[in-house]
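Residue-level structural notes
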Amino acid sequence: MSAALTLATPEHFDRLDSLVAAFHAEEGIALTDEARAAGIQPLLDGIPHGAAYLIGPPRAPIGYIVVTFGWSIEFGGMDGFVDELFIRPGVRGRGIATEVLLALPRALGEAGVKALHLEVSHENSVAQRLYARAGFKLRDGYALMTRQL
């Protein structure tokens, strides 16, 4: 199984939307179809604030990853945030997510991104091990805090 990445474009909407819906159902994220589409479509249209990648063959992807972009004085430039990463349950455990999390940061680094961040549940030890294998580390003394607007 290959973790080949394809930058998602408008023609990939239906495939990406079904993967996002599956991930949201698994994680208990409640969004209407319209709200989910509003979150996905700008990424496919080329909004400069993020990108969605299909994992595997674009005609039958096995997952996706979305990275959003920001700016960090601390890290000296553009940074990224892994907003969502999903691999279909039937193909998990084969190293695909690890391959993605090793390849994409290299490519983003070559494009000038200085740091890549993500969040993970304290209870999700499987994901924590995955992220650690890919070089992500907890930042001592820091916690992600959110204020929904």
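Described below are features of the structure shown in this document. (Residues numbered from 1 in each chain as written. Predicted model: local features only at pLDDT ≥ 70, side-chain atom pairs only at ≥ 80, totals over all residues. Heavy atoms only, no water.)

**Topic: the environment of Ala-52**
- The topology assignment puts Ala-52 in strand β2 (residues 50–55).
- Separated by 14 residues in sequence, Ala-52 and Val-66 place their C-alpha atoms 4.4 Å apart. (Helix = DSSP H or I, 4+ residues; strand = E, 2+ residues; numbered from the N terminus.)

**Concerning the packing of aromatic side chains**
- In total, this model carries four aromatic pairs according to the counting rule given.
- Each ring, one from Tyr-64 and one from Phe-86, has its centre 6.1 Å from the other, and the planes form 40°; the classification is tilted. Linking Tyr-64 in strand β3 (residues 63–72) with Phe-86 in strand β4 (residues 77–87), this pair joins segments that are 22 residues apart in sequence. Phe-86 shares its class with Tyr-64; the two are buried.
- Aromatic side chains Tyr-131 and Phe-136 sit 6.3 Å apart centroid to centroid with 70° between the ring planes, which places their arrangement in the edge-to-face category.
- What makes Phe-136 buried here is its relative accessible area of 17%.
- An aromatic cluster of at least three residues, connected via ring pairs, comprises Phe-23, Tyr-64 and Phe-86. (Phe/Tyr/Trp six-rings, centres within 6.5 Å; stacked < 30°, edge-to-face > 60°. Buried < 20%, exposed > 50% of the residue type's maximum accessible area, 1.4 Å probe, protein only.)

**Details of the pattern of salt bridges**
- This model, assessed by the stated rule, comprises four salt bridges.
- Arg-139 serves as the salt-bridge partner of Glu-74, at 2.5 Å between the closest nitrogen and oxygen. With Glu-74 in the loop between β3 and β4 and Arg-139 in the segment after α4 (125–133), this residue pair connects regions lying 65 residues apart in the sequence.
- A residue is classified by how much of its surface remains accessible, and Arg-139, at 33% relative accessible area, is partly exposed.
- The network of salt bridges with shared partners includes Asp-17, Asp-33 and Arg-36. (Salt bridge = Lys/Arg side-chain N within 4 Å of Asp/Glu carboxyl O.)

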